[in-house]
Amino acid sequence: MIALATYEEGNILETRKSLEVLPYDLLLNITQNLTIQDVCALQLTCKSLYDFSVTRPVYRHLALCLLRRCRALPLTGFQCLSDLSTEQLISAVKKATRLELDWLQRTPRRCFNSAYATRNDATPNWYTIINAPADEEIDWLSPVTTDYTLCATKSGKVICWDIRANTCTAQWDPGNSWELWKCRVQFDTRTVYFTMAKLLSKFRTMEFILMKLEFPSEACSSKESAQPVFTKLTTFRTAGSVINIFLLDPSSRLLSAFIWLPTSKSIGLFVLPDWDLPEYVFVDTTVECASHANWSCILYKDHVVVHTEDSEMAVQHFYPLPILKRHAQPVENEKMFTPRVSGQLPPISSVSARFVFPSPVPPAGDVKSDASSFAHSDHAIDIPSIETSVPNPFPPSTWLPDSAHFVRQWWPTLPIVPKLSCTVILFADHDQETHKTKYVLAQHYFRVPLTGGLPRTQPPSPVATLHVAPRNQAGQADDHSDGSWHSGASSASTLIDDSTDVGNKLDETEEQEASIRVWYVSEPFEVACTFDLEETDEGTIGVHPRPLMAVDFGHACWVEYMRDQELDENEAAEPFREKRRLRLVSFPPIIYDEDEALGKESFLKKKSNETEGVVRTLEIPHELDLDKADTLNIEQSHGTVIISTKDGKIFILCYE
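All of these numbers come straight from a predicted model, not from anything done at the bench.

Caption draft 1: Layout of the packing of helix α2 (residues 24–31) against helix α5 (residues 56–68). Their axes nearest at 10 Å, the elements α2 and α5 cross at an angle of 25 degrees. With respect to each other, α2 and α5 are oriented roughly parallel. In this structure, α2 meets α5 at a crossing whose hand is right-handed. Here Tyr24, Leu28 and Thr31 of α2 lie close against α5, whose contacting residues are Pro57, Val58 and His61. Looking at side-chain class alone, the contact of α2 with α5 contains four nonpolar, two polar and no charged residues.

Caption draft 2: Representation of the environment of Ile36 in the model. Its place among the elements puts Ile36 in helix α3 (residues 36–42). For Ile36, a relative accessible area of 10% gives the class buried. Between the C-alpha atom of Ile36 and that of Ala63, which follows or precedes it by 27 residues, the distance is 9.7 Å. Aside from chain neighbours lying at most four places away, what touches Ile36 is Tyr59, Leu62, Val93, Lys94 and Thr97.

Caption draft 3: Spotlight on the pattern of salt bridges. Enumeration over the complete set of coordinates arrives at 19 salt bridges. Between Asp647 and Lys628 there is a salt bridge whose closest N-O contact spans 3.8 Å. Of this pair, Asp647 sits in the loop between β33 (640–645) and β34 (649–654) while Lys628 sits in the loop between β31 (615–618) and β32 (629–635), and the two are 19 residues apart along the sequence. Where Lys646 meets Asp630, a salt bridge forms, and the shortest distance between an N and an O atom there is 3.1 Å.

Caption draft 4: Summary view of the pairing of β34. Taking burial as the measure, the six residues of β34 include five buried ones, the bulk of the element. Two strands pair when backbone bridges link them, and strand β1 (residues 127–131) and β34 are joined in this way by five bridges, in the antiparallel orientation. Its bridge partner lying in β34, Thr128 is registered against Ile652. The pairing of β33 with β34 spans five bridges and is antiparallel. From the neighbouring strand, Ser644 faces β34, where its bridge partner is Ile650. From the end of β33 to the start of β34, which pair antiparallel, there are three residues, and Gly648 there has a positive phi angle of about 85 degrees.

Caption draft 5: Region of interest: the confidence of the model for the protein. In this model, the protein carries a mean pLDDT of 80, and residues with pLDDT of at least 70 account for 75%. Helix α8 (residues 462–465) is the least confidently modelled element of the protein, averaging 30 in pLDDT, while helix α7 (residues 321–325) averages 97, the highest of any element. Low pLDDT, under 50, characterises residues 1–8; the stretch is placed with zero contacts to residues that sit more than four places away or in other chains. The low-confidence segment residues 454–512, where pLDDT is below 50, has 165 contacts with residues more than four positions distant or belonging to other chains.

Caption draft 6: Quick look at the sheet that holds strand β15 (residues 303–309). Pairing in this open sheet of five strands is mixed, and the strands run β14-β15-β16-β19-β24 from one edge to the other. Both outer strands of the open sheet, β14 (294–300) and β24 (515–517), are each paired with one neighbouring strand and no more. Each strand axis lies, on average, 25 degrees off the axis of its neighbour in the sheet, ignoring direction. In this sheet, β15 lies alongside β14 in antiparallel orientation, the contact comprising seven bridges. Bridging across to β15, Tyr300 finds its partner in His303.

Caption draft 7: Structural view of the pairing of strand β11 (residues 254–261). Across the eight residues that make up β11, a large majority, eight, are buried. Neither face of β11 is exposed, since Leu254, Ser256, Phe258 and Trp260 on one face and Leu255, Ala257, Ile259 and Leu261 on the opposite face are all buried. Bridging between strand β10 (residues 241–249) and β11 involves seven bridges; their strand directions are antiparallel. Looking at β11, one finds that Leu247 is bridged to Leu255. Hairpin connection of β10 to β11: four residues between the antiparallel strands, including Arg253 at a positive phi of 60 degrees. The sheet contact formed by β11 and strand β12 (residues 266–272) spans seven bridges and is antiparallel. From the neighbouring strand, Ile259 faces β12, where its bridge partner is Gly268. The antiparallel hairpin formed by β11 and β12 contains four residues in its connecting segment, where Lys265 sits at a positive phi of about 55 degrees.

Here is what the cut-offs are and how they apply
- Residues numbered from 1 in each chain as written.
- Predicted model: local features only at pLDDT ≥ 70, side-chain atom pairs only at ≥ 80, totals over all residues.
- Heavy atoms only, no water.
- Axes fitted to C-alpha atoms, helices over the stretch in contact; angles between N-to-C directions.
- Helix = DSSP H or I, 4+ residues; strand = E, 2+ residues; numbered from the N terminus.
- Parallel < 35°, antiparallel > 145°, perpendicular 65-115°, else oblique.
- Left-handed = near helix turned anticlockwise from the far one by under 90°.
- Contact = heavy atoms within 4.5 Å.
- Nonpolar A, V, L, I, M, F, W, Y, C, P; charged D, E, K, R; others polar.
- Buried < 20%, exposed > 50% of the residue type's maximum accessible area, 1.4 Å probe, protein only.
- Salt bridge = Lys/Arg side-chain N within 4 Å of Asp/Glu carboxyl O.
- Pairing = 2+ DSSP bridges.
- pLDDT = per-residue confidence, 0-100.

Here you go:
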């Protein structure tokens, strides 16, 4: 035994010496097949391998692996990856990895060293309380970076708040009745773009203002020049019920919108090809606007992509920008002008993918096949089989989409990282007798194109595809049209069956069959709502419930009511108060076939195959009363949840 041990030790020493003399490029190639845990183990072997394994290329590759799984690095301010020193990059990769793994297998814990967790006038804590704007009700709130938040108030103001100084640093006031509809952060230019909307008439004529908020570079020395500045970019009007606005590409000044056309009952595509120019595109796509469909718009290379999802499948319709620009119309009178539909322009090409639902796993001795039968406990998760023939466990006859969130990669990334999107839908089932609503959550990933490539479709000539519509039918909406919009909120081979790389090819691949696996929180729960006052088309004031729920690429967070059996004796003794709690679920990780370093039996590989979420209860500070919660946000890169309350406070909660 001693001789054997000596022999094995000698082999290990010989192997280590062999590794030490390998060229750097060959060692780097080896580490590209290792996980961060393997790299950390390698650092413990000897000094020469330690010195090699803490070099920038090693951790840049580990950062790339995280970004491919859509896990953002915890950067501060407007940092990009190239701004980080090697030590900062190593720290960011390690923190992002810990956050990814820990949140998938346990309840998040209080974090005392988050970039959000300190203020100029406070000692470090796991949460920070800052003031909401005085005498204002917050309508929308989001972090811009770890230093600022941006909020829109119900009086129409947009306010930038300095988190560390706990003070307003910039404010813009367009007047009453304006609402913030879309916001996008461009880290490379230190700029936030957003659109404000205002309803002008009961015929659904709307006016929009496109704004930008520029943040000065860190080199600015004077106090005045260091303040962010609001700038108006353009204004435009639309006719009809606007479903949503999309800031497709601020660098090329490209904006789009979906508008319901009641005459054809289809989707109208409105595009500003260059918002600096007085021209627009407004065409009838001929794509049916189903009542319970969810919509998003994505820019893929030089194509505007209309992405739609119903209860059974997802479809993407492609419009090349050069063809859209051929249908551009001039803005005749900028102040009073209302755009008109120029005609019908069917999609140049379309692809689709069906949803694949998990098979129910009924409890032992129970043969029920209802949707709740594949819910799991917080301590153990079975893995239901995936079969293409399984029906939708939450059919639209009972479960209607209450809100849909389309989330794309908003964080600084690398050019070679695949662009993915994530859909999260909150389904609701309202009980007409008890007037209570129970909810379930569905999530899936998708890419553009869905099938890995566009079908080989010869684009028709613009003359052949344009069917001129009468001017009096130019998108005028009925009095009863629905003007609601879905807020936005970007696949792997384990989640989408086809794994063809479409990095630089668009039209060279054949049309392929594809399917999208759906993931659930299937145990029904009751989301707490806040109630917004809205003016109806008839001029009356209505009440619109807004679920207190937030989504980021890897996670969803919401405020929910606790069931009676989950309350303790003191809580159950309060008959007129429903107890609330803060809940979180992490989505399955994104794993590619080529991620050999993870191994078939790795934790992330196993988690990527699960179809049921484990919901966790987050700890909150005693000062936070969830009954007063008004808005909710989650920021995955730093593990942060941000809650504003009706009594003028904003809580920034940090978890690890």
